[in-house]
Every structure is written in structure tokens, then in C-alpha cells.
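Here are the chains, one letter per residue:
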Amino acid sequence: PDGTVRTVLTGRFIGGQAVEPGAPQPAVGFRIPNPTGVAAGPGGVVHLISSDSNQLLRFTPGADGGRIEALAGRHRPEAGEVFSPSGYLDRDEADPKGVLGFPLGVALDAAGRPHVAEFAAGRVVRVDEGPAGTTRLTRVAGRSMAEMLAEGTRVSDGGAPAEGNGGPATATNLVFPTAVAFGPDGAMFVAEAGTIHVSALGGIGGGGSGDAAAAFG
């Protein structure tokens, strides 16, 4: 409040530490692998993106310096999985494994639920916590990047607006989304590196699935 700058968490551009799901780590001395997005919540709780480990992390403050825990994403594959963002593009809309495709940005809606912009997957997903530390990802905006490529959609066209504007948020093309934010009315705004535009998607922050999309920029 007094304008003083202080370091809450530290990171590393290359390397750093990843967090195993269900195994919170002390925040003191923890080095986040390439932090790219941050969203502050009530009580000093901070959600942040580690793009190098493909994880959504949460910092909870405490007298001992606080804890870091993984809410979604994994930094290593399970048996039989291809460990690269492109290997996760065609997952189900609701992904109980919580796998993220190169996340970059995060924002909290009015209910405090994190929404993550997945650069490689061309989507924004809502992260819901379940029992016993389980996580579920639900796509709220964007189509599959694999679908767009299969249809011949140009994913980087020098600034033309994304296709699907004016329709459902889950039917619009989000081309390499990098950041996400919510307005006071619950509208969600997504910055797209591939089209050099910002898309506005209504009805998502209030719990809906999004009823419209419009691009500007």
C-alpha cells in the first residue's frame, strides 16, 4: 500500500523447480521456471503460470514464508504420453488430467476461479478444483489448434481478425493466446499473438460459457 517494492517469489528464465501435483513446496527459496502470468486474489493468494513446467501454480502466504502448490499441468509425461504441447491439442473439452498446452496467462473471474490462456492449444480453460486434490479443465473459449490447421485456417495472417467473431466463444479461433483478463461485467478479454488482436468474450466471468466474441485492435 505504501508503494514499496518487495520480492514475493523468485524465478529463473532457464531451469528452476517444478511442483509435483499434490506435493506443496515451501515458497522460501523456491525458483519458478520462467513465470509468465500472475493473478492476485484475496488474502495474499497469488496464482501464477510457469510456462517452462506447463503448470498453473498457487502461492498461499504464511508465517513461514508460504507454500507453492500445483493446481494444473505437469512437467513430466505419464506412461504412453507424448510430452509436448502439440501432443495435448485434441484432448476432451473437460480434461480431468489437468494437462496444459504451453500456458502463458492467467486471470481470476468474479468467483475466484483461474482461467488460463494456452498458447499452443489455442484455448482458454477454466480450472476447477475437485475432491482429494483433483483438477478439471473446462474449455470456455477457443477451438482446437489442430482443427484450425486441418481446415487450412491461417494461424498467423498479419493481423486479420480471428474467424468466429460474433458467435459462441467456444467456436471462435483464438490464435496463440498469450494473456487473459476480466472486466467488471464478467466479459473476458484475450490477447492473441497470432492475429495481433484482443478478443472480447461475454458471459464467461459470471459462470456462463460465453455467448459472443468480437475482436478489436
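Residues numbered from 1 in each chain as written. Predicted model: local features only at pLDDT ≥ 70, side-chain atom pairs only at ≥ 80, totals over all residues. Heavy atoms only, no water.

Things to note about the environment of Val 28
Basically, it comes down to this: Put simply, DSSP marks the helices as runs of H or I at least four residues long and the strands as runs of E at least two long, and each gets a number from the N terminus on. Per-residue accessibility, obtained with a 1.4 Å probe over protein chains only, is compared with the maximum for each type, and a residue is labelled buried under 20%, exposed over 50%, and partly exposed between these values.
Within the element layout of this structure, Val 28 appears in the loop between β2 (25-26) and β3 (31-33). Its relative accessible area of 61% is what places Val 28 among the exposed residues. In sequence terms Val 28 and Gly 66 are 38 residues apart; their C-alpha atoms lie 7.3 Å from each other.

Notes on the sheet that holds strand β6 (residues 55-60)
The strands that make up a sheet pair up through hydrogen bonds in the backbone, lying either parallel or antiparallel. We count it as follows: A pair of strands is labelled paired if DSSP reports no fewer than 2 bridges between them.
Taken in spatial order, the five strands line up as β2-β7-β6-β5-β4 in an open sheet, and their pairing is antiparallel. One side of each edge strand has no neighbouring strand; the edge strands of this open sheet are β2 and β4 (35-40). With five bridges joining them, strand β5 (residues 46-50) and β6 adopt antiparallel strand pairing. Bridge assignment links Val 46 to a residue of β6, and that residue is Phe 59.

Some thoughts on the nonpolar core
Stated formally: Put simply, a nonpolar core is a bunch of buried Ala, Val, Leu, Ile, Met, Phe, Trp, Tyr and Cys residues held in one set by side-chain atoms that sit within 4.5 Å of each other. Pairs of residues are marked as contacts when any of their non-hydrogen atoms sit within 4.5 Å.
Core analysis: the biggest nonpolar cluster contains twelve residues, these being Ala 39, Ile 49, Leu 56, Leu 71, Ala 72, Leu 100, Val 106, Leu 108, Val 116, Val 125, Val 127 and Leu 137. Secondary structure elements with two or more residues in this core: β7 (67-72), β9 (103-108) and β11 (123-129). Beyond its immediate chain neighbours, meaning those up to four positions away, Ile 49 contacts Asn 34, Pro 35, Thr 36, Gly 37, Gln 55, Leu 56, Pro 103, Leu 104, Gly 105, Val 106 and Val 116.

Some remarks on the packing of aromatic side chains
Here is the rule we go by: Centres within 6.5 Å make a pair out of two Phe, Tyr or Trp rings, where for Trp the six-membered ring is used; the pair is then stacked when the planes are under 30 degrees apart, edge-to-face when over 60, and tilted otherwise.
Using the criterion set out here, one finds two aromatic pairs in the structure. Aromatic side chains Phe 102 and Phe 119 sit 5.8 Å apart centroid to centroid with 85° between the ring planes, which places their arrangement in the edge-to-face category. Of this pair, Phe 102 sits in the loop between β8 (94-95) and β9 while Phe 119 is found in the loop between β10 (114-118) and β11, placing the two residues 17 residues apart along the sequence. Phe 102 gets classed as partly exposed once you look at its relative accessible area, which sits at 28%. Relative to Phe 176, the ring of Phe 119 lies with its centre 4.8 Å away and its plane at 20°, an arrangement referred to as stacked. Highlighted residues: Phe 119 in the loop between β10 and β11 and Phe 176 in the loop between α1 (145-150) and β13 (177-182), separated in sequence by 57 residues. Classification of Phe 176 by relative accessible area gives partly exposed; the value is 23%. Clustering of aromatic rings is evident, with ring pairs tying together Phe 102, Phe 119 and Phe 176.

A closer look at the environment of Pro 26
The residue Pro 26 is located in strand β2 in this model. Along the chain, Pro 26 and Thr 60 lie 34 residues apart, while their C-alpha atoms are 9.9 Å from each other. The residues touching Pro 26, leaving out its near neighbours within four places in the chain, are Gly 66 and Arg 67.

With respect to the pairing of strand β12 (residues 135-141)
Two faces, one strand: in a regular strand the side chains alternate between the faces of the sheet. Judged by how many residues are buried, β12 sits mostly within the fold: five of seven residues are covered. Sheet analysis places β11 next to β12, joined by six bridges and oriented antiparallel. Bridging across to β12, Glu 129 finds its partner in Thr 135. In textbook terms, the turn of a hairpin is the stretch between consecutive antiparallel strands, and for β11 and β12 this stretch comprises five residues, one of which, Ala 132, has a positive phi near 55°.

Some points on unusual backbone geometry
The backbone of Phe 102 sits at a positive phi, close to 50°, despite the residue not being glycine. Here Phe 176, not a glycine, exhibits a phi torsion of approximately 55°, which is positive.

Section: the pairing of strand β15 (residues 197-202)
Because side chains alternate across β15, one face comprises the buried residues His 197, Ser 199 and Leu 201, and the other comprises Val 198, Ala 200 and Gly 202, none of which is buried. Across five bridges, the pairing between strand β14 (residues 188-192) and β15 is antiparallel. Across the sheet, Ala 191 pairs through a bridge with Val 198, a residue of β15. Hairpin connection from β14 to β15: four residues lie between these consecutive antiparallel strands, with Ile 196 at a positive phi of about 55°.

Brief notes about the confidence of the model for the protein chain
As a reminder of what qualifies: pLDDT is a per-residue confidence score from the predictor, ranging from 0 to 100.
Of all residues in the protein chain, 66% attain a pLDDT of 70 or more, and the chain-wide mean is 76. Predicted confidence in the protein chain is weakest over strand β16 (residues 212-216), with a mean pLDDT of 51, and strongest over β9, with 95. Per-residue pLDDT stays below 50 along residues 83-87; that stretch engages in nine contacts with residues further than four places along the chain or on separate chains.

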